[in-house]
Amino acid sequence: MTNRGTRTIHITDSAKAALRTALAAVTELGDAVPDTEVDLYLEYGAKHLRNHLPAPVLDTLSQWRHTPTAWLTLANLPGPSEPVPTPGDGFCDEALLRTPNLVHFGILRLLGLAPVAYRWENDGRLIRNVAPRAAAARTLTSWGYAQPLDWHTDDSILDHRPNADVAQSIPHYLSFFGMRNQERVPTDLLPVDTVLDALPAGTVQALYRPEFAVAAPESYTNGDSGKPLSRNGVPMVWTLRDGNPALRYGPGLLAGLTPAAREALARFEEVVADLPGIPVLVEEGGFHIFDNRRVMHRRVPFEPAAEGRARWLRRCYAHGPAAGSGSAP
Ligand SMILES: O=C(O)CCC(=O)C(=O)O
Ligand SMILES: [Fe+2]
């Protein structure tokens with residue numbers, strides 16, 4: 001499958017090889033893993049990417065900081081120096097993943113974004129291994145695989161307001177590094193403006209009103225205390241500072257608090273069910289980022305490849321620069 005409708009930036013084999021060699025020689029990390037010293041990964045990853053990615057690629061990444069597109073895909077980046085099997089229980093030894101971590105965090109730094117973790121999700125770790133876990137097969141989480149993950153945005157229960165504390169805010173971006181995807185299962189994207197264009201004006205207006213309640217997703221049920229379990233009186237749609245419409249939505253998680261809100265939610269769900277979306281295939285060595293407010297995403301059910309070889313994406317949430325600051329860090 002090709003990434004239809006999206007432009008993938010393909011890194012040349014020679015740039016990939018030079019980057020791999022440079023990242024393998026990084027000595028400054030010591031025993032640091034991203035959860036202990038993320039700044040080192042951001043800094044040294046970005047430094048070597050600046051030295052080895054072709055100039056047009058660096059230009060595209062730096063332009064993106066000023067005019068971020070709703071998603072961006074890169075292909076042919078270096079993975080681990082030795083093959084690492086897909087973890088079967090959701091976690092793995094980060095020390096084996098220095099190269100992909102330097103690439104992943106280095107790109108986030110070049111894009112002017114800050115990685116984010118929530119203490120009640122994924123053991124509070126920055127990187128989520130989006131990989132099948134037999135015990136979670138039927139769950140509606142990124143460890144599940146036997147059920148569809150229908151159109152949603154992540155962490156829609158969190159605060160959407162631009163000045164909210166980052167630790168309590170809806171993640172601005174989902175970034176992925178592809179470890180393997182031989183099953184060729186895409187992540188489908190659906191832009192919010194496509195959805196709003198397909199709805200009557202009155203429905204759109206109702207979605208902007210703070211007349212909805214939102215509940216926590218399944219991935220929150222085993223978290224630490226401090227996690228929010230519901231939020232009342234919020235809009236489903238709001239406007240970002242750059243004028244783009246933003247959305248919070250998860251199947252079964254939203255409820256209208258007024259008849260108009262309930263009607264708008266029902267219309268929204270009817271329309272969304274019929275919209276096709278755009279498949280993006282994150283392959284081995286691929287990097288993919290999308291705006292969790294400007295697009296919804298979904299994943300079809302799939303049959304994982306043999307143990308250790310199953311689809312494995314590494315996901316990290318990220319936030320843009322502080323609201324109103326205008327420039328990236
Ligand atoms: O498996 C995927 O492609 C996406 C899973 C997902 O919804 C997520 O990681 O938030
Ligand atoms: Fe998701």
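Up top is the structure these notes are about.
Computed from a predicted structure; not experimentally measured.

Novice: When you look at the sheet that holds strand E5 (residues 149-152) in this model, what are you seeing that I'm missing?
Specialist: Two strands in a sheet stick together by hydrogen bonds in their backbones, pointing the same way (parallel) or opposite ways (antiparallel). Here four strands make up an open sheet; going across it, the order is E5-E15-E7-E13 and the pairing antiparallel. Among the strands making up the open sheet, the edge pair consists of E5 and strand E13 (278-280). Across the sheet, the axes of successive neighbouring strands diverge by a mean angle of 20°, strand direction being ignored.

Novice: What is the right way to look at the packing of helix H6 (residues 201-208) against helix H7 (residues 259-273) in this model?
Specialist: How two helices sit against one another is set out by the angle between their axes and by the gap between those axes. Interhelical geometry of H6 versus H7 gives an angle of 115° and a closest axis separation of 9 Å. Where H6 crosses over H7, the handedness of that crossing is left-handed. Contact residues: Thr203, Ala206 and Leu207 in H6; Ala260, Ala261, Ala264, Arg267 and Phe268 in H7. A breakdown of the residues in the contact of H6 with H7 according to their chemical character gives six nonpolar, one polar and one charged.

Novice: Can you walk me through helix H2 (residues 38-52) in this structure?
Specialist: For an α-helix, the turn length of 3.6 residues means that residues three or four places apart are oriented alike. Spanning 15 residues, H2 covers 21 Å between terminal C-alpha atoms, matching the ideal 21 Å at 1.5 Å per step. Of the positions making up H2, those classed as buried are Val38, Tyr41, Leu42, Tyr44, Gly45, His48, Leu49 and His52. Buried residues along H2 sit in contact with helix H1 (13-24), helix H4 (98-110) and strand E3 (114-116).

Novice: Looking at this structure, how should I read the site of ligand 1?
Specialist: Close contacts around ligand 1 come from Val130, Ser142, Leu149, Asp154, Leu174, Thr187, His297, Arg299 and Arg315, and that covers them all. Among the residues making up the shell around ligand 1, the classes are represented as three nonpolar, three polar and three charged.

Novice: Hey, could you run me through unusual backbone geometry in this one?
Specialist: In most cases, non-glycine residues show a negative phi, while peptide bonds are predominantly trans. In this structure, asparagine 122 takes a positive phi of about 55° despite not being glycine. As for its position among the elements, asparagine 122 is in the loop between E3 and strand E4 (128-130). For arginine 184, which is not glycine, the phi dihedral falls at a positive 55°. The residue arginine 184 is located in the loop between strand E6 (173-180) and strand E7 (187-191) in this model.

Novice: Where do I start with the sheet that holds strand E12 (residues 254-256) in this structure?
Specialist: Across the sheet, which stays open at both edges, the three strands sit in the order E9-E8-E12 with antiparallel pairing between neighbours. Of all the strands in the sheet, just strand E9 (230-234) and E12 have a single pairing partner and so form its edges. On average, each strand axis in the sheet is tilted by 20° relative to the strand beside it, whichever way the strands run. When strand E8 (residues 212-215) meets E9, the two strands line up antiparallel, connected through four bridges. When the sheet's bridge partners are listed, valine 214 is paired in E9 with arginine 231. Contacting E8 and E12, H7 crosses the sheet at an angle of about 135° to E12.

Cut-offs used in this document
- Residues numbered from 1 in each chain as written.
- Chains lettered and ligands numbered in written order.
- Predicted model: local features only at pLDDT ≥ 70, side-chain atom pairs only at ≥ 80, totals over all residues.
- Pairing = 2+ DSSP bridges.
- Helix = DSSP H or I, 4+ residues; strand = E, 2+ residues; numbered from the N terminus.
- Axes fitted to C-alpha atoms, helices over the stretch in contact; angles between N-to-C directions.
- Left-handed = near helix turned anticlockwise from the far one by under 90°.
- Contact = placed C-beta atoms within 7 Å.
- Nonpolar A, V, L, I, M, F, W, Y, C, P; charged D, E, K, R; others polar.
- Expected span 1.5 Å × (residues − 1).
- Buried ≥ 20, exposed ≤ 12 C-beta atoms within 10 Å, placed from the backbone.
- Near = placed C-beta within 6 Å.

In short, geometric facts, not functional conclusions.
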